[in-house]
Amino acid sequence: MTFRELVVAYFQHYTIIAYLALTALSIGVFVWHPAAALPTVATVALILFAYPLIWYVLHRWVLHCHWMFKVPLLASTWKRIHYDHHVDPNHLEVLFGALYTTLPTLLVVAALPGYLIGGIGGAAAGFATGLLCTCFYEFFHCIQHLAYKPRIKWLATMKVRHVEHHFHDEDGNFGITNFLWDRLFGTLYSRADRPAKSPTVFNLGYTEEVARRYPWVARLSGGVAVGHPRRRTPNKQV
């Protein structure tokens, strides 16, 4: 895949179209009801600073949690937002986040702080910033998963760290574009640091034994993911 092909595929995805449309709408709201300069700058700066930490927290303790699949009403959500992505890390249909989870999250972590700082205009500025950060993250996420080989060294290293998260050991390298919080929390690693491959890297701990007790994800998935995605029997997980 060339860089141009990656960019075309990225901008054609419905989630990116939705994020950009909502960004334009948020800018329109800001123009209609602007916040003062200082609250606006403070809101944007806060979201830019907090976004990598929020992503780290959500990725490590929500997307990789072991409680959502135990709740029947949440099992399908967990399956969509992260289990399916680890079952087949290169599956384009689940490469991007689900709008029904990302948008409410952005309203809470970006629009709400903006509203508290600068009212309606601050909320619009915060939401637009959060949406653009999400677009930024999703673009680099595409680079990390699609068949594109970065020529820039730091970008290639970033891709290696994320590939290790998906194909070697899921308990680390939770960042996408920023591994600062991995470093601070001790979860940044290279494959040389952890010679043994995680047995649950493709199923996030949702094993056959676990599925017998909490079967809802397995029922939706046609079984439990076992082994490398390229070596599985088509349409059958187990």
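Relevant structure appears above.
Presented here is a report on the structure given in the accompanying data block. Owing to the predicted nature of the structure, the values given are computational and were not obtained by experimental measurement.

Re a nonpolar patch on the surface
Among the surface-exposed residues, Trp32, Leu46, Leu107, Val108, Leu112, Tyr115, Leu116, Ile117 and Ile120 lie close enough to one another that they form a single nonpolar patch of about 930 Å² accessible area. No other element matches the 7 residues that helix H5 (residues 99–145) contributes to the nonpolar patch. Along the polypeptide, Tyr115 turns up in helix H5. Using a relative accessible area of 48% as the deciding quantity, one classes Tyr115 as partly exposed.

Let's talk about H5
In this model, H5 (47 residues) spans only 20 Å end to end at C-alpha, well below the 69 Å of a helix rising 1.5 Å per residue. Along H5, the sharpest kink reaches roughly 145°, centred on Gly118.

Here we look at the pattern of salt bridges
One pass over the full model with this rule turns up 3 salt bridges. Across the salt bridge formed by Lys79 and Asp84, the nearest N and O atoms sit 3.0 Å from each other. The residues Lys79 and Asp84 share a single accessibility class, namely buried. Across the pair Asp169 and Arg194 runs a salt bridge whose closest N-O atoms are separated by 3.1 Å. Placement of the pair is Asp169 in the loop between helix H6 (153–167) and helix H7 (180–185) and Arg194 in the loop between H7 and helix H8 (208–213), with a sequence separation of 25 residues.

Here's the deal with the side chain of Arg161
The topology assignment puts Arg161 in helix H6. At a separation of 3.3 Å, a polar atom in the side chain of Arg161 contacts the main-chain carbonyl oxygen of Tyr189. Other than its neighbours up to four places away in sequence, Arg161 contacts Asn173, Phe179, Leu188, Tyr189 and Ser190.

Reading the values: rules and limits
Residues numbered from 1 in each chain as written. Predicted model: local features only at pLDDT ≥ 70, side-chain atom pairs only at ≥ 80, totals over all residues. Heavy atoms only, no water. Patch = residues over 30% accessible without salt bridge, like charges linked within 9 Å, V, L, I, M, F, W, Y side chains within 5 Å. Areas by Shrake-Rupley, 256 points an atom, 1.4 Å probe, with all protein chains shown as cover. Salt bridge = Lys/Arg side-chain N within 4 Å of Asp/Glu carboxyl O. Helix = DSSP H or I, 4+ residues; strand = E, 2+ residues; numbered from the N terminus. Buried < 20%, exposed > 50% of the residue type's maximum accessible area, 1.4 Å probe, protein only. Expected span 1.5 Å × (residues − 1). Bend = angle between axes of the 7 residues up to and from the residue. Polar contact = N/O pair within 3.5 Å; in protein donor to acceptor, adjacent residues only side chain to side chain. Contact = heavy atoms within 4.5 Å.

Keep in mind these values describe shape, not function.
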